[in-house]
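# A closer look at the structure
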Amino acid sequence: MDTSTKLSRTLTHVFIILFGLIMLYPVLWMVSSSFKPESLIFSTPSIFSDTWTLENYKNGWQVVRDVTFGLFFKNSFLISAIAVVANLITCSMAAYAFARLRFPLKKLWFACMLMTIMLPAHATLIPQYTIFHELGWINSILPLTVPKLLATDAFFIFLMVQFFRGIPKELDESAIMDGCGIFQIYTKIILPLSVPVLITTSIFTFIWTWDDFFSQILYLNTVDQFTVPLGLRLFLDSQGQSSWGSVFAMSVISLVPITTVFFIFQRYIVEGIATTGIKG
Amino acid sequence: MRKTLLFVLMLLLTAFLVACGSDSDDAASDSNSESSGKETASQDSSEDEITLRVAWWGGQERHDRTLQVIEMYEEQNPHVTIEPEYSGFDGYFDKLNTQLAAGNAPDVIQFGGNLNDFVLRDVILPLDDFVGNELDISLHDESMIDSATFDESFYGVTLGTTAWGVLINKTLFEEAGIAMPSKEWTWEEFQELTPQLTENLDGTYGAGDFREDGFGVFLAQRDKFTYKDGEVQFEPEDVKDWFNLWKDLRESGGAAIPEVQVAASQTPEQSLIVQRDVVMESIASNQYSAYTGATEDEFELYPFPYNSETGKNGISLRPSQYFAVYKDSPHAAEAAKFLDFFVNNTEATEVLGNERGAPVNSEVRDNLIANANETDAAIYDYISLISETSDAPFIPNMPGYNENTQLFTETSQIIYYDQKTVDQAAEDYYEELLQNIEKYVNEEE
Amino acid sequence: MQQTANANEVKLTKKKSPSSARKQAIAAYAFLIPWLIGFFGLVLGPMISSLYLSFTKFDLLSAPKWVGLDNFITMFQDDRWIAAAKVTLTFVVVAVPTQLIAALLVAILLNKKMAGIGIYRTTYYLPSLLGGSVAIAILWKNLFGMDGLINQVLAFFGIQGQGWIAHPDYALGTIIILATWQFGASMVIFLAGLKQIPKELYEAAAVDGAKKSQIFFKITMPLLSPVIFFNLVMELIKSFQVFTSAFIISEGTGGPINSTLFYTLYLYQKGFTQFEMGYASAMAWVLVFVIGVMTLLVFMTSKFWVHYEDGGKL
């Protein structure tokens, strides 16, 4: 390695780290706040503090009475995991049809699908709630998971369509020569070659479901069903007394699973799995 | 690489199955507890088993105390199972509106100053049939009963009494080397004090804007009222006077500059006074402990500065929150019984304490005052100071509570940033306010 | 590139026979079954009902009252609606390109094999992980407030700061910065897109002695174009609907003086805090119309710059 590449490498690192600090600042600040006594969090907002305490973690974990934050983690995890599996299967199926197959009314369905993303959620909230109420699904995870099983996340369908269309069609044809049917092209060609986008979908679905406060507060009524975002808001009463220390402590803990998921899976987005072999 | 991925997927799947498994366990234990509930009920066969859904918002402290009272109630009334539906404030009313629209609202619902808007929209059950039977309000403060009475029907029990006041950071007064004012101070003294405080302190202003709540008190000091007997009882002139008062305060350096004021959060813990941006701020007395708990400075609660001409401080006692019953509740009488327990029972109110404000039942309140801690004692003292010094009547919120509060804030900001003159902004405010009120009242006719 | 794509298509059309077309159509609908059930069972109904409500006066509780086009007419005389439309358009025009460019540049920078790259990527994604967390609102005040970090840095250079977040002229700017700062999602999608570009093309170009800029414009950009297209369309839609950041930072008010009153925030206020669901629904459909037209425009331009491996026809 000559000196100029070495220098440019070092510069890249320095550059990335400097900007990374800006990215990291809020998390550092949150972590520092989570260890401060509650009477200091807002009266001395600096990251550095003389007094440290674990009190917030203790109070935060023990939410109310016999309910601990662990329950919320369990519920969130369940909902997010189902959402990931559901989105992977049903969105990729729909995307395969849109990207690779010819069928009547295709453009109409595609436009319909895009339109579902364009309407602001607040406008359809009440009729949607009414449907789930009629079905008797309120206060269960069904309103949060069944829609994913029915590929209502058009974002991911569209995303997968774009990636599936990037896979050369010659591959399909050689597969047909080998005797593959339409279903086998989907399972043997399209899916294996789309690992980056499938991983992307999994990461986003997991994280976005994990963070989704609004639909969860709407459909979950009792604390035994509550998820992490609802648990965090349980500490907060903008009209009265809030436990900000607990909020920060539990926010830090709730960042751990989603950061881990991202950290583990991000490499597969970029490295992929055995794709180059087929492509080459 | 592929192995790691597979491993992680397996892990996810296992965890998923485990979570599902334990979920069904929960369901099993739930049904167990239900069946044991049935057994107790069958011993007490005169009454049917019922479930009451009770909804409120709050923080950790409120949840803890309320749940404890619910447990006490369930113990004493084995045929009643209470399903608590509590959350933080965020999303509480969005969810409630959706539930009301879908006909799926809880039986007992906590409201704030916006109770009137829900009564107007005809979703709250009048409690008159239960008063004197299931629900005893004979020892409740008259003004609190009035506050929940619309068109001569009574709609909700007050969960706590509160009063507007000026919170003063005593520590900062000491640092500024200025003596604390008397509790019978006037606006003139206030105008003199605040610039001095700003002057003597680095990066701290004398006072933060008293906002819409302060305006209501200001009007009452002049025997005028925001909204009483179904109409607006003040003129554009009063609005101008209020905004001019604050404009002068800003110009003299006494009040926080716009950039500081506008960035202020509504949340007590993030307020200007806690962050030492201002020395004084207007708050509701039931928020006192939220403010004191968020800092190491020492705070004291003062009445508003007096109007030196009328000699009034204009403060009235107000309800902080209510419990009301959903119009289509299948168990209205049971709900009323629960409300009665919640506000009148000695043990229950001891558990609840002052968290939602001073209790509305006078006997209960006397009991609590006798056992109060330091913070609570300060609040009770303040409430009794107000009862002694003020004859201002209770003023209900204007119809269209949310929209009008926002309009007031917007008007203040327009003046802060000189987008309109005070006169112009005040007149525009008044005009739009009348339109809004008409809109909300007419809608129901 | 273009030529191979065309060649593909010729080959394909030659092969089509009526029976295989029918088979494909049946298979396609089989693959679409979950989506079709979801669309007709859960999505379409609420959409139609909100369209109906947009022609009514509806306070959420009483029966909706038909008012014809009233809601739409009121909208154009409503000063706050006009303010909201302006705020949103400004946001779209500024935030969409900034965020896309930032995401693309960072994605290219982080698409390297080097020590600790996973940690870097995670770090750059962290702001997006925080999402709509309450902590963001507090943090933004700490950064852009009067005594905030930004002003402290400016003061170091002798510049007198502003109360950025509280000033009607600058508040929107801070939200645009927030949106740009949360570029993580687009970045990840770009990373996935970069991965799909066959390495052989780069190797071949290197052998031919192409310059870095040539490689970028001749290989990276065209092959990444479907993904750029996706990000552009989605960012556009998302920016027209931006809600959470404005909601948490202004505590739901859209202040100071409506300077951060985003379209969907106003829609929410109308529907849920002022109980004018009919008006809110009408606002929603006007937005659908605008987004629809914009998306259509982008789709129409796509044939000039978006390159698909499958020949370019949907």
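Source: prediction; values computed, not measured.

### Considering the domain arrangement of chain B
All names here are of chain B. Examined at the domain level, chain B breaks down into domain 1 (50–161 + 320–388) and domain 2 (164–315 + 398–444). Computed over C-alpha atoms only, the centres of domain 1 and domain 2 are separated by 29 Å. Tallying the contact residues gives 16 residues for domain 1 and 19 residues for domain 2. Buried surface at the junction of domain 1 and domain 2, both sides included, amounts to about 1300 Å², of which 64% is carbon and sulfur. Inspection of the domain 1/domain 2 interface yields 0 salt bridges. Linking domain 1 to domain 2 there are 5 residue pairs in polar contact (both at pLDDT 80 or more). Listing elements by their share of the side of domain 1 that touches domain 2, those giving two or more residues are α4 (115–120) and α15 (374–389). Sorting elements by how many residues they give to the side of domain 1 that touches domain 2 places α15 first, with 7 residues. When grouped by side-chain class, the residues that make up the side of domain 1 that touches domain 2 number 7 nonpolar, 6 polar and 3 charged.

### Details of the sheet that holds strand β2 (residues 80–87) of chain B
Residues and elements named next belong to chain B. As summarised here, the arrangement of the 5 strands in space is β2-β1-β3-β14-β6, forming an open sheet in which the pairing is mixed. Because the sheet does not close on itself, it has two edges, and the strands there are β2 and β6 (156–158). In this sheet, neighbouring strand axes are inclined to one another by 20° on average, regardless of whether the strands run parallel or antiparallel. Taken together, the 8 bridges between strand β1 (residues 50–57) and β2 define a ladder with parallel strand orientation. From the neighbouring strand, Ile50 faces β2, where its bridge partner is Val80. Across the sheet, helix α2 (residues 60–76) is in contact with β1, β2 and β3 (108–111); its angle to β2 comes to roughly 170°.

### Overview of empty space enclosed by the protein
Empty space among the atoms becomes apparent when a probe as large as a water molecule is rolled across them. All names here are of chain B. Tallied over the entire structure, the rule returns 7 cavities of 30 Å³ or more. Taken as a whole, the second largest cavity encloses approximately 130 Å³ of empty space. Surrounding the second largest cavity, 15 residues form its lining, Leu159, Phe342, Thr349, Leu352 and Gly353 being those nearest its centre. At the level of elements, α2, α12 (332–344) and α13 (346–352) are the ones that each hand at least two residues to the lining of the second largest cavity. If one sorts the elements of the lining of the second largest cavity by residue count, α2 sits on top with 3 residues. Taken together, the residues of the lining of the second largest cavity break down into 6 nonpolar, 5 polar and 4 charged.

### Concerning the UniProt feature "domain: ABC transmembrane type-1" (unreviewed entry) in chain C
In the numbering used here, UniProt assigns the feature "domain: ABC transmembrane type-1" (unreviewed entry) to residues 85–298 of chain C. As annotated, residues 85–298 of chain C has a helix share of 75% and a strand share of 0%, and its two end C-alpha atoms lie 20 Å apart.

### Re the pairing of β2 of chain B
Along a regular strand, successive side chains alternate from one face of the sheet to the other. Burial of β2 of chain B is extensive: 6 of the 8 residues sit out of reach of the surface. With α2 of chain B bridging β1 of chain B and its parallel neighbour β2 of chain B, the resulting β-α-β unit is right-handed.

### Here's the deal with unusual backbone geometry
Residues and elements named next belong to chain B. Positive phi, close to 60°, is recorded for Arg211, a residue that is not glycine. Position of Arg211 among the secondary structure elements: in helix α8 (residues 211–221). A positive phi angle, near 55°, is found at Asp418, a position not held by glycine. With respect to the secondary-structure elements, Asp418 resides in the loop between α16 (401–416) and α17 (422–443).

Cut-offs applied
- Residues numbered from 1 in each chain as written.
- Chains lettered and ligands numbered in written order.
- Predicted model: local features only at pLDDT ≥ 70, side-chain atom pairs only at ≥ 80, totals over all residues.
- Heavy atoms only, no water.
- Domains from an automatic or database assignment.
- Contact = heavy atoms within 4.5 Å.
- Buried area = accessible area lost by both parts, 1.4 Å probe.
- Salt bridge = Lys/Arg side-chain N within 4 Å of Asp/Glu carboxyl O.
- Polar contact = N/O pair within 3.5 Å; in protein donor to acceptor, adjacent residues only side chain to side chain.
- Helix = DSSP H or I, 4+ residues; strand = E, 2+ residues; numbered from the N terminus.
- Nonpolar A, V, L, I, M, F, W, Y, C, P; charged D, E, K, R; others polar.
- Pairing = 2+ DSSP bridges.
- Axes fitted to C-alpha atoms, helices over the stretch in contact; angles between N-to-C directions.
- 1 Å grid on protein atoms, 1.4 Å probe; cavity = no way out; pocket = protein on both sides within 12 Å on 5 of 7 lines; lining within 4 Å.
- Points joined across faces, edges and corners; volume = space filled by probe spheres on them.
- UniProt positions renumbered as here; feature names shortened; annotations may be inferred.
- Buried < 20%, exposed > 50% of the residue type's maximum accessible area, 1.4 Å probe, protein only.
- Right-handed = clockwise from strand over helix to strand, strands pointing away.

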